Amino acid sequence: MSLQILDPNDKQKNPIRQLVTFSDRKFDVESLPEDMRRVYEKLEEKNGEEYALLFVFVMRTGVELHRAWHMTLLTNKILHQIKHKFDLRMTWDLGVTKLIFRVNDGAYELHRKVPYDYDSEYQDIYMRIATALIDGEINVHEALIYQSETKKGIHTAKSGRFLRDFPGRLVLYPWEAATCAVIFFGGDWKDAGIAALTGLVAGLLEYLIVYLGGDVKILTDVIVGVSTGLIGGLFYRYTEDVCLRSIFLGTLYWFFYGTAFVIGLLEIIAGELSTGVTRFIAVSVKTFVLSLGAALGLMIATTSQASQAWMDSSAENCELIDLNSKWWRIPLYLLCSASALGQYRLPIVQYWRGLAVQLGAYEVQYQAFNYFDKLHAQDYLDTSVSNVFGAAAGVLTACLVSFIVNRIRGYYNAKLLQQDDDPTCVANCMFN
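Residues numbered from 1 in each chain as written. Predicted model: local features only at pLDDT ≥ 70, side-chain atom pairs only at ≥ 80, totals over all residues. Heavy atoms only, no water.

1. Describing the overall build of the protein chain
- Per the secondary structure count, the protein chain includes 18 helices and five strands.
- Sorting the 432 residues of the protein chain into buried and exposed places 42% on the buried side.
- Put simply, of all contacts in the protein chain between residues at least 6 apart along the chain, 65% involve residues at least 24 apart.
- In the form shown here, the protein chain has an accessible surface area of approximately 23100 Å², with 61% of it arising from carbon and sulfur atoms. (Helix = DSSP H or I, 4+ residues; strand = E, 2+ residues; numbered from the N terminus. Buried < 20%, exposed > 50% of the residue type's maximum accessible area, 1.4 Å probe, protein only. Contact = heavy atoms within 4.5 Å. Areas by Shrake-Rupley, 256 points an atom, 1.4 Å probe, with all protein chains shown as cover.)

See below:
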């Protein structure tokens, strides 16, 4: 790092950027995987160092953004912006889990298999790095170094590192299962306690499977489903006053990739049939396997027909709490939402934004459902219309939160960088 002393009264543009530069930092290509390093060396020899590093950056950005959100349309858009900005001769195929990158008109081709996972923090950081490179605010060495530091967790808070991986991540499983059981699936507090137990067991089983690694990972959904069915079924067999629906759905909520259904539909509508249809079918099969495992566990525990136990439990033990009359409905929903944000690895400092958007969407959806339920209970339009209204409310809330934050940030940056010679009272207040 090099430092340059400036006159504090100098009103030059971007004084902070001129004060600190990172031109001396160089990315270590020896840290690259062997196949990527071989392609880098060939490209460096033919096209120069910067071109070769840009290829590495595009590929790493594609892999990590795909891992972070699996939004093929948005990832593809970002990669195309980098490609056109730096005139790279690259193409790629972004599948559901398999990615292919080609460079120099297909002379070299690399494949990557990306596990399905959501990571809001990686999504945000990798987006910012790519945008900064496109805008010329950093060079490719800095961009690659920052990517490497992000993977090492250098730019993640201790709280984020705790919830990112096991064993710290285990606290989220019972938390989400218990709150979902009550707020979404008609359970009571006893059901919440049982769901917390099944959620913790599911988390421990997944932790064990991840630790063992290898081919055993493909059995995750079956094992988690069976364990949930066994525990829930045993409680129903010996106490009978439990809502199986709330326990099962609350626990398996973590493993149902509901977002992937939405992404698959969006890709089909946008004409990306290869990824859209594949994603939709894959998630449908995953949901079936989870449900089948839970049904098998319930059948073993109750030694009877699982379907009959399910229907009897739903008829007698579910929907016993009238959420409309409870003051704690919204606080409980926010608690449930916080667990979901932890699952998606959103930085804790940003929870307030996520909770604001979720609350806006939830309350509109909840009130709309109660209104249309009186008119369209038989054709399920009450569910469809309320979901549309809730989604629209979530988008509007996100836009409003972004506008307020950007406005405040604009006041603060203008004052900090001395860009405003005559700040208003509001600007001074925001800065202080």
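2. As for the sheet that holds strand β5 (residues 108–113)
- The three strands are arranged β3-β4-β5 in an open sheet whose pairing can be described as antiparallel. Two strands bound the open sheet, and with one partner strand each, they are β3 (90–94) and β5. In this sheet, adjacent strand axes meet at a mean angle of 15 degrees when their direction is disregarded.
- Relative to strand β4 (residues 98–103), β3 runs antiparallel, the two being bridged by five bridges. (Pairing = 2+ DSSP bridges. Axes fitted to C-alpha atoms, helices over the stretch in contact; angles between N-to-C directions.)

3. A short note on the nonpolar core
- Within the largest apolar cluster, 42 residues are counted, with the highest numbers of intra-cluster contacts made by Leu43, Phe55, Phe57, Met90, Phe101 and Val103.
- For this core, the secondary structure elements donating two or more residues are α2 (34–47), α3 (49–69), α4 (72–86), β3, β4, β5, α5 (120–134) and α6 (140–151).
- Per element, the largest residue contribution to this core is 11 residues, and it comes from α3.
- Excluding its chain neighbours within four sequence positions, the residues that come into contact with Phe55 are Met36, Val39, Leu43, Met90, Val103 and Leu110.
- One finds Tyr173, Ile247, Phe248 and Tyr351 within the second-largest nonpolar core, a separate group that totals 22 residues. (Core = buried A, V, L, I, M, F, W, Y, C linked by side-chain atoms within 4.5 Å.)

4. A closer look at the confidence of the model for the protein chain
- Averaged over every residue, the pLDDT of the protein chain is 85; residues scoring 70 or more account for 88%.
- Looking over the protein chain, one finds the lowest element-wise mean pLDDT in strand β1 (residues 2–3), namely 42, and the highest in helix α8 (residues 172–183), namely 95.
- A low-confidence stretch, residues 1–9 (pLDDT under 50), is modelled with 16 contacts involving residues beyond four sequence positions or located in other chains. (pLDDT = per-residue confidence, 0-100.)

5. Brief notes about α6
- The terminal C-alpha atoms of α6, which comprises 12 residues, lie 17 Å apart, in line with the 16 Å expected from a rise of 1.5 Å per residue.
- Among the 12 residues that make up α6, 10 are buried, leaving the element largely enclosed by the rest of the structure.
- Val140, His141, Glu142, Ala143, Leu144, Ile145, Gln147, Ser148, Glu149 and Thr150 are the residues of α6 that are buried.
- Where α6 begins, the side chain of Asn139 points an oxygen toward the backbone nitrogen of His141, at a separation of 3.1 Å.
- Positioned one or two residues after α6, Gly153 has a phi angle of 85 degrees, which is positive. (Expected span 1.5 Å × (residues − 1). Polar contact = N/O pair within 3.5 Å; in protein donor to acceptor, adjacent residues only side chain to side chain.)

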